[in-house]
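# Reading the structure
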Amino acid sequence: MWAAFQALFAAIRADRAAALLLLMSPVIYAGFYPSAYTDEVVSRAPVVVVDHDRTAASRNLIIKVSGAQQAEIVAYLPAAAEAENWMADGRAVAALIIPRGFGEEIARGTAGTVLLTGHGGYLLRASSALGGIGVALGQTGRDAAREQARAAGPPAPPALMLIPRPLFNTREGYGAAVFPGVAFVIIHQSLLLGLALLAGTAREQMGRGLRLTGAQLAGIALAAGVIGMLEVGWFVGMVFWWHDYPRAAAPLLDVVMGAILFVAATVAAALALASLFKTRERPLQLLLAVSLPLFFLAGLSWPAEATPTLLVIAARLFPTSSGLEMMVGLNQMGGSLKDYWPAALNLGLLTLLFGTVATWRWVSGKDVPPAS
Amino acid sequence: MTERTGFRASFARECRFIARSPWDLAVVTWIPLLLCGMIAWQLSGGVIRELPVLLVAQDESAISRDLAIRIEAAPGLRLAGTVPDLASAQQLIRSHRAHAALLVPRETAERTLQGQAPVTLYFNASYPAAAAAIQREFGAVIDAANARQATDRIAPVLPQGSVRPAPVRAVIAIAWNAPASQEFQLVSLLHPALLHLIFMLAVVSAFGRELRDGSIGPWAPNLAGLAGKAAPYLAVFTGWAMLAIFWLAGVRGWHFAGSPLVLLTGYAMMYLAYLGVTLLMVGGTRTLSQSLSMTGLYAGASFAFAGAIFPLEQASAFARIWGNALPYTHFARLLARTWVAPGSGTALAGPILAMLAIALVTAIPGTLLYLRAARDPGSWGRR
């Protein structure tokens, strides 16, 4: 077993592609991937304004909008049709249209109405810009209410006021919501591709019927597990801290236990799948593209409640689904392992299932020379 | 050998190879179908519904009961339970049994008469898609509750005329995607994100394999031969693109505002650009495994760098340069301008020309490098 443990590391040292996948890719991705989300929240989304009213009230509103941090007015246009053209060409993600009579309505004590249009192809940016304009509208509304109050007496404020309070990801950062999950897909893919590439290479060199003893398989699994735990430690301990992603100090023991469960299920699945490959390059060609669906199945960017039930159940066959749920919970939301016992149980069962498959596929019972 | 037979012979040779190799056949057939199908299926709900939320009703009044009924009635929400305090609500949110909790503090009923009684919505911001839907839904719930309170309870006790609509009102519309469907936005972008990656994995394998196996010797390609080898992949993946468009526009009924023909041109241009990058990688490294690893890095994270969801203009300088070097980024821009919205000619030409530029800049040196490797038996067989 110890010999096989060392043999895996020796194989990685001797194989540049395997070293790249198992050791270098977590380092490369840690610097590379979060750079797409450095700003975290949308600001200064391009907005166009059409002012048909041209009164003091409409000018006041436009000044308030231009002060909003989420939106930046990029053009003043004469007609709504032109605003639509600007959005269709991708030059703006939202439009504020102030119809004629807006100021007069307010002066009369009724509601002045504006039209807000967001670009349906850029939902995040549009809703952020509309949110910014909404705040400006609120300010204009308060000014207008004071004006109206002179004539009609003070208005009754709305009964309830909703105060939104984000939990866990308190700055509501985009990268902070996405990357803590993506990191575990990266770890999964690094182990899966690296081990499958080594298995395919070993088969090429030592024959298609290559078999191991139980102790050899255990040694390889243990070595892969050590690499997996180092990767988890790298992301959780260093990368999340470096990018200042939310870390909700769950008990260290729980994080370590959770990581062991995720890595064990991933290594077992990787060894089981690796047993299918007879060619060195094949796993890269076939498995590189599954990252994106694996991430979506884990439910961070599309909730499980909105996913067809059958697919939610099928997703439990992949270590990433329960792994992301549990590790995001432990790392970002400050839960303890017992909050995620279904996910933990799922990972335990996957380790058993894939471990059995891997043993059945790799272990022959008779003694063979050490692999790779 | 004339150019024409070079093309045809290589085309036929590649088709024969794919037909005989089950895994290479898989990369152009059931793998794109499975991965694109899974995404399409997962998001086929369209809008997010029935998210479990909690009510922390410290104020046991008609207002709390009214809010509970409104939460149940909201299409996006489901009342998963009423809990006595915030701590137990947070615990349930942590363990994923609810996404949010609405806190109605003590004496809310009394405070409503003075107005602006605060109610606090605690939501799990670690799950952004659900968080956005919940904030939208609760905004509507509170607005409706306020309207009811104004007419039923407050109007009778306050001076006449003081209950009136807010002085400024906004009518909000989402252009070209009225229900603000995430399905339309995400699936229309995720399908090409998967297709270009699988396409590149397929062509990297096709061109890299010849050098690895030394089969490039007997094949002895010229320019037309390279085109003939790539053509089956371009054809099949254009077919997948048509199917992806048909799924969303035809089966799911998402409006096509611009021209499907322009979008297909964009698909073809995007594939050509990734083909150019492929030739550059394979010709440059002359090693299949390295080229595949580089493909993972180059085409594997396109979705994050394309600026389709999060604006690229706000990312770091590196991310902006990297994003613009990816053909998919320009394709995503084209998609917004010719599928989601009816963009003008110049707005469409920009992304198409950008993809053409990437194709030319990579394919010219890539072809030279690859053909040079084809004449250099010493460089074959690398692993």
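Here is what the cut-offs are and how they apply
- Residues numbered from 1 in each chain as written.
- Chains lettered and ligands numbered in written order.
- Predicted model: local features only at pLDDT ≥ 70, side-chain atom pairs only at ≥ 80, totals over all residues.
- Heavy atoms only, no water.
- Pairing = 2+ DSSP bridges.
- Helix = DSSP H or I, 4+ residues; strand = E, 2+ residues; numbered from the N terminus.
- Axes fitted to C-alpha atoms, helices over the stretch in contact; angles between N-to-C directions.
- Contact = heavy atoms within 4.5 Å.
- Phe/Tyr/Trp six-rings, centres within 6.5 Å; stacked < 30°, edge-to-face > 60°.
- Buried < 20%, exposed > 50% of the residue type's maximum accessible area, 1.4 Å probe, protein only.
- Lys NZ or Arg CZ within 6 Å of the ring centre and 35° of its normal.
- Domains from an automatic or database assignment.
- Buried area = accessible area lost by both parts, 1.4 Å probe.
- Salt bridge = Lys/Arg side-chain N within 4 Å of Asp/Glu carboxyl O.
- Polar contact = N/O pair within 3.5 Å; in protein donor to acceptor, adjacent residues only side chain to side chain.
- Nonpolar A, V, L, I, M, F, W, Y, C, P; charged D, E, K, R; others polar.
- Core = buried A, V, L, I, M, F, W, Y, C linked by side-chain atoms within 4.5 Å.
- Right-handed = clockwise from strand over helix to strand, strands pointing away.
- Patch = residues over 30% accessible without salt bridge, like charges linked within 9 Å, V, L, I, M, F, W, Y side chains within 5 Å.
- Areas by Shrake-Rupley, 256 points an atom, 1.4 Å probe, with all protein chains shown as cover.
- pLDDT = per-residue confidence, 0-100.
- Expected span 1.5 Å × (residues − 1).

Time to look at the sheet that holds strand 4 (residues 117–124) of chain B. The strand order across the open sheet formed by 5 strands is 5(A)-4(B)-3(B)-1(B)-2(B), and the pairing between neighbours is mixed. The open sheet terminates on both sides in strands that have one partner only, identified here as strand 5 (160–167) of chain A together with strand 2 (77–83) of chain B. Recorded for the sheet is a direction-independent mean angle of 25 degrees between the axes of neighbouring strands. As paired elements, strand 1 (residues 51–57) of chain B and strand 2 of chain B share 6 bridges and run parallel to each other. If you follow Pro52 of chain B over to strand 2 of chain B, its bridge partner there is Arg78 of chain B. Running over the sheet, helix 4 (residues 62–73) of chain B touches strand 5 of chain A together with strand 1, strand 2 and strand 3 (100–104) of chain B and is turned about 145 degrees from strand 2 of chain B. Along the sheet, helix 5 (residues 86–94) of chain B makes contact with strand 5 of chain A together with strand 1, strand 2, strand 3 and strand 4 of chain B, crossing strand 1 of chain B at roughly 170 degrees.

A few words now on the packing of aromatic side chains. What describes a pair of aromatic rings is the distance from one ring centre to the other and the angle between the planes of the rings. A complete count under the given rule lists 32 aromatic pairs over all chains for this structure. Considering the side-chain rings of Phe184 of chain B and Trp339 of chain B, the 5.9 Å spacing of their centres and the 65 degrees angle between planes classify their relative orientation as edge-to-face. Of this pair, Phe184 of chain B sits in helix 8 (residues 182–213) while Trp339 of chain B sits in helix 15 (residues 327–340), and the two are 155 residues apart along the sequence. Classification of Phe184 of chain B as buried rests on a relative accessible area of 1%. Relative to Phe331 of chain B, the ring of Tyr267 of chain B has its centre 4.6 Å away and its plane inclined at 55 degrees; by these criteria the two rings are tilted. One end of the pair, Tyr267 of chain B, is in helix 11 (residues 260–285); the other, Phe331 of chain B, is in helix 15, with 64 residues separating them in the sequence. Its relative accessible area of 2% is what places Tyr267 of chain B among the buried residues. Relative accessible area serves as the criterion here: at 0%, Phe331 of chain B is assigned to the buried category. These aromatic residues form a ring-pair network of at least three members: Tyr33, Tyr37, Tyr174, Phe179, Phe235, Phe240 and Tyr245 of chain A together with Phe310 of chain B. The ring of Phe207 of chain B is capped by Lys229 of chain B, whose NZ or CZ atom sits 5.9 Å from the centre of that ring.

Moving on, we come to the domain arrangement of chain B. Partitioning chain B into structural domains gives domain 1 (3–43 + 182–379) and domain 2 (51–157). With centres defined by C-alpha atoms, the gap from domain 1 of chain B to domain 2 of chain B works out at 48 Å.

In this section: the interface of chain B and chain A. The interface is formed by 118 residues belonging to chain B together with 104 residues belonging to chain A. A combined buried area of about 9,700 Å² lies between chain B and chain A, and 65% of that area is made up of carbon and sulfur atoms. At the boundary of chain B with chain A, the tally comes to 5 salt bridges. Among the ionic pairs, Arg282 of chain A bridges to Asp24 of chain B, the shortest N-O distance being 3.0 Å. The interface formed by chain B and chain A contains 38 residue pairs in polar contact (both at pLDDT 80 or more). The residue makeup of the side of chain B that touches chain A, split by class, is 71 nonpolar, 36 polar and 11 charged. Of the pairings in the sheet, the one linking strand 4 (residues 112–119) of chain A to strand 5 (residues 168–175) of chain B comprises 8 bridges and is parallel in character. Paired with Thr117 of chain A across the two strands is Ala173 of chain B, which belongs to strand 5 of chain B.

By the definition in use, this model includes 20 salt bridges over all chains. Linking Arg252 of chain B and Glu183 of chain B is a salt bridge whose minimum nitrogen-to-oxygen distance equals 2.7 Å. Here Arg252 of chain B, found in the loop between helix 10 (223–251) and helix 11, pairs with Glu183 of chain B, found in helix 8; they are 69 residues apart in sequence, far enough to count as distant. With relative accessibility at 1%, the residue Glu183 of chain B sits in the buried group. One connected set of salt bridges, linked through shared partners, spans Arg282 of chain A together with Arg13, Glu14, Asp24, Arg209, Glu210 and Lys229 of chain B.

What follows deals with the nonpolar core. Ranked by size, the top nonpolar core spans 265 residues in total, and within it Phe179 and Phe184 of chain A together with Phe207, Tyr267 and Phe303 of chain B carry the most contacts. The residues contacting Phe303 of chain B, other than those within four sequence positions of it, are Leu292 and Phe296 of chain A together with Leu186, Leu189, Leu190, Ala193, Ile309 and Tyr328 of chain B.

Before going further, it helps to spend a moment on the domain arrangement of chain A. Looking at the assigned domains, one finds that chain A contains domain 1 (2–37 + 171–362) and domain 2 (45–152). Between the C-alpha centres of domain 1 of chain A and domain 2 of chain A there is a distance of 48 Å.

The next thing to look at is the environment of His243 of chain A. All names here are of chain A. Along the chain, His243 turns up in the loop between helix 8 (214–242) and helix 9 (252–274). It is 26 Å that separates the C-alpha atoms of His243 and Ser127, two residues lying 116 residues apart in sequence. Among all residues touching His243, those that are not within four sequence positions of it are Ala30 and Pro34.

Residues and elements named next belong to chain A. The pairing of strand 1 (residues 45–51) with strand 2 (residues 71–77) spans 6 bridges and is classified as parallel. Along strand 2, the bridge assignment pairs Val49 with Tyr76. You can see the chain leave strand 1, run along helix 3 (residues 56–66) and come back into strand 2, and the turn it takes is right-handed.

The next thing to look at is the sheet that holds strand 2 of chain A. The sheet built from 5 strands is open, its strands ordered 2(A)-1(A)-3(A)-4(A)-5(B) with mixed pairing. Strands with a single pairing partner mark the edges of an open sheet, and in this sheet they are strand 2 of chain A together with strand 5 of chain B. Ignoring which end each strand starts from, the neighbouring axes of this sheet average 25 degrees apart. Lying on the sheet, helix 4 (residues 80–88) of chain A is in contact with strand 1, strand 2, strand 3 (94–98) and strand 4 of chain A together with strand 5 of chain B; it crosses strand 2 of chain A at an angle near 130 degrees.

Residues and elements named next belong to chain B. The element strand 3 is extensively covered by neighbouring structure, given that 5 of its 5 residues are classed as buried. Going residue by residue along strand 3, you find Ala100, Leu102 and Val104 tucked away on one face and Ala101 and Leu103 tucked away on the opposite face as well. Across 5 bridges, the pairing between strand 1 and strand 3 is parallel. Bridged to Ala57 within strand 3 is Val104. Bridging between strand 3 and strand 4 involves 4 bridges; their strand directions are antiparallel.

The next point concerns a nonpolar patch on the surface. Residue and element names in this part refer to chain A. Taken together, the side chains of Leu20, Leu23, Met24, Val27 and Ile28 present a nonpolar region at the surface, about 370 Å² in accessible area. Take Leu23: it is sitting in helix 2 (residues 16–32). Here Leu23 falls in the partly exposed class, since its relative accessible area comes to 43%.

With that settled, the discussion passes to the side chain of Arg286 of chain B. Residue and element names in this part refer to chain B. Position of Arg286 relative to the elements: it lies in the loop between helix 11 and helix 12 (288–300). According to the relative accessible area criterion, Arg286 is buried, its value standing at 14%. Within the local environment of Arg286, its side chain forms a polar contact with the side chain of Asp376, the two groups lying 2.9 Å apart. Setting aside residues no more than four positions away along its own chain, Arg286 makes contact with Leu211, Met281, Leu369, Arg372, Ala373, Asp376, Ser379 and Arg382.

Right, let's talk about the confidence of the model for chain B for a bit. Residues and elements named next belong to chain B. For chain B, per-residue confidence averages 90 on the pLDDT scale, and 95% of positions sit at 70 or higher. Across chain B, element-level confidence peaks in helix 11 with a mean pLDDT of 97 and bottoms out in strand 5 with 80. Scoring of the predicted complex yields 0.92 for pTM and 0.91 for ipTM.

Before going further, it helps to examine helix 10 of chain B. Counting along an α-helix, one turn takes 3.6 residues, and residues three or four places apart therefore face a common direction. Residues and elements named next belong to chain B. The end-to-end C-alpha distance of helix 10 is 40 Å, a good match for the 42 Å that 29 residues give at a rise of 1.5 Å each. The backbone nitrogen of Ala224 lies 3.3 Å from a side-chain oxygen of the residue at the head of helix 10, namely Asn222. Gly253, located one to two residues past helix 10, shows a positive phi value of around 75 degrees.

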